Amino acid sequence: MGIPVRYRPLLDEFVCLCRETAGEELVGVYLHGSLAMGCFHPGASDIDLIVVTKGEWTDEQKLFFMNRVVRLNEKAPAKGLELSIVKKEHCLSFRYPTPFELHFSPAHLKWFERDPGDYVEKMKGVDYDLAAHFTILRRFGLVLYGEPVEKVFGPVPREDYMDSILRDVAEAGEEITQQPVYVILNLCRVLAFCRDGACLSKREGGLWGLEHVESRFHPLIREALECYENGQRMTLQKENEEKLAVCFAETMLERF
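Okay, so let's go over this structure. (Residues numbered from 1 in each chain as written. Predicted model: local features only at pLDDT ≥ 70, side-chain atom pairs only at ≥ 80, totals over all residues. Heavy atoms only, no water.)

### Some remarks on unusual backbone geometry
Next, step 1: Cis geometry marks the peptide bond from Tyr 96 to Pro 97, where omega comes out at -10 degrees.
Next, step 2: Topologically, Pro 97 is positioned in the loop between helix H4 (88–92) and strand E4 (98–100). (Helix = DSSP H or I, 4+ residues; strand = E, 2+ residues; numbered from the N terminus.)

### So, the pairing of strand E2 (residues 47–53)
Next, step 1: Burial of E2 is extensive: seven of the seven residues sit out of reach of the surface.
Next, step 2: In E2, alternate side chains face the same way, and those of Ile 47, Leu 49, Val 51 and Thr 53 on one face and Asp 48, Ile 50 and Val 52 on the other are all buried.
Next, step 3: Examined bridge by bridge, strand E1 (residues 26–32) and E2 share six bridges and lie antiparallel to one another. Pairing of His 32 across the sheet is with Asp 48, part of E2.
Next, step 4: Where E2 meets strand E3 (residues 81–87), seven bridges bridge the pair, whose relative direction is parallel. Its bridge partner lying in E3, Ile 50 is registered against Ser 84. (Buried < 20%, exposed > 50% of the residue type's maximum accessible area, 1.4 Å probe, protein only. Pairing = 2+ DSSP bridges.)

### Re a negative patch on the surface
Next, step 1: Negative charge collects at one region of the surface, where Glu 171, Glu 174, Glu 250 and Glu 254 lie side by side.
Next, step 2: You can see Glu 250 is positioned in helix H14 (residues 239–253).
Next, step 3: Glu 250 gets classed as partly exposed once you look at its relative accessible area, which sits at 45%. (Patch = residues over 30% accessible without salt bridge, like charges linked within 9 Å, V, L, I, M, F, W, Y side chains within 5 Å. Areas by Shrake-Rupley, 256 points an atom, 1.4 Å probe, with all protein chains shown as cover. Salt bridge = Lys/Arg side-chain N within 4 Å of Asp/Glu carboxyl O. Lys, Arg positive; Asp, Glu negative; His and termini not counted. Charge placed at Lys NZ, Arg CZ, Asp CG, Glu CD.)

### Things to note about the environment of Ile 85
Next, step 1: Structurally, Ile 85 is set in strand E3.
Next, step 2: Classification of Ile 85 by relative accessible area gives buried; the value is 0%.
Next, step 3: Distance in space between the C-alpha atoms of Ile 85 and Leu 102 is 5.2 Å, their sequence separation being 17 residues.
Next, step 4: Apart from the residues lying within four places of it in its own chain, the contact partners of Ile 85 are Val 51, Thr 53, Trp 57, Phe 65, Phe 100, Glu 101 and Leu 102. (Contact = heavy atoms within 4.5 Å.)

### A closer look at the packing of helix H11 (residues 180–196) against helix H13 (residues 218–230)
Next, step 1: Across the interface, H11 lies against H13 with an axial gap of 9 Å and an inter-helix angle of 115 degrees. Like other packed secondary-structure pairs, H11 and H13 cross with a definite hand, here left-handed. Across from Val 181, Ile 184, Leu 185 and Cys 188 in H11, the residues of H13 making contact are Leu 220, Ile 221, Ala 224, Leu 225, Cys 227 and Tyr 228.
Next, step 2: Of the residues contributing to the contact of H11 with H13, the split by class is ten nonpolar, no polar and no charged. (Axes fitted to C-alpha atoms, helices over the stretch in contact; angles between N-to-C directions. Left-handed = near helix turned anticlockwise from the far one by under 90°. Nonpolar A, V, L, I, M, F, W, Y, C, P; charged D, E, K, R; others polar.)

### Here we look at the state of the cysteines
Next, step 1: Applying the stated criterion across every chain, the model contains zero disulfides.
Next, step 2: The closest cysteine sulfur to the non-disulfide-bonded Cys 39 is located on Cys 199, 13 Å from its own sulfur.
Next, step 3: Take Cys 91: it sits in no disulfide, and the sulfur closest to it among the cysteines is that of Cys 18, at 14 Å.
Next, step 4: By relative accessible area, Cys 91 is classed as buried at 0%. (Disulfide = S-S within 2.5 Å.)

Below, the structure written as structure tokens:
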């Protein structure tokens, strides 16, 4: 599936930045998530990227890179860019939780703006989410630059992927009232994997839920799908709507 024309200049700039920063150490730049899966919505989706390198970056490289990323993020859709830099050795022979060299999302923007040196020094470690990202990337990912996906990303063990996606929904009972669209559709796609071994997008997860989850939750799933498709915010305005949403989350969690 091709990349929408409107996002190509931004992605081209990002690739140029990666090449300029890493030079010959750059293995590849990869697009995953909703934009790669063909279900991207400007008001509700971020642009998900994985940068793979041969070795570590210096703090000077990271600072140069981050200063430019912050400017590129201003050109991105509302939810911005989300990216991780990972060494090839941890992608090809998968490690869990996966070590990363640098991470950025708008959630961390204030930290970088407040203290760039502290950010580039400390924003590294391990990330449980990368198991899920790599699994999706192996199925749907697009190469923006560099080596083919199959030569960079080895198989992710099922138990690691399962642990990763379960961690993502562990607090669904509390989070569903704040992020109903994300949580509702995510719960559906997690259950789809548990039941059928299917790796689905949020949209596909919602459609799966309409076929496999009991009908009392269908209005909730349909509204989440509609809001996701239209990039709208879903609000649970009435007490009974909140109760139904919490009941949905608790019911789904019991089935994993």
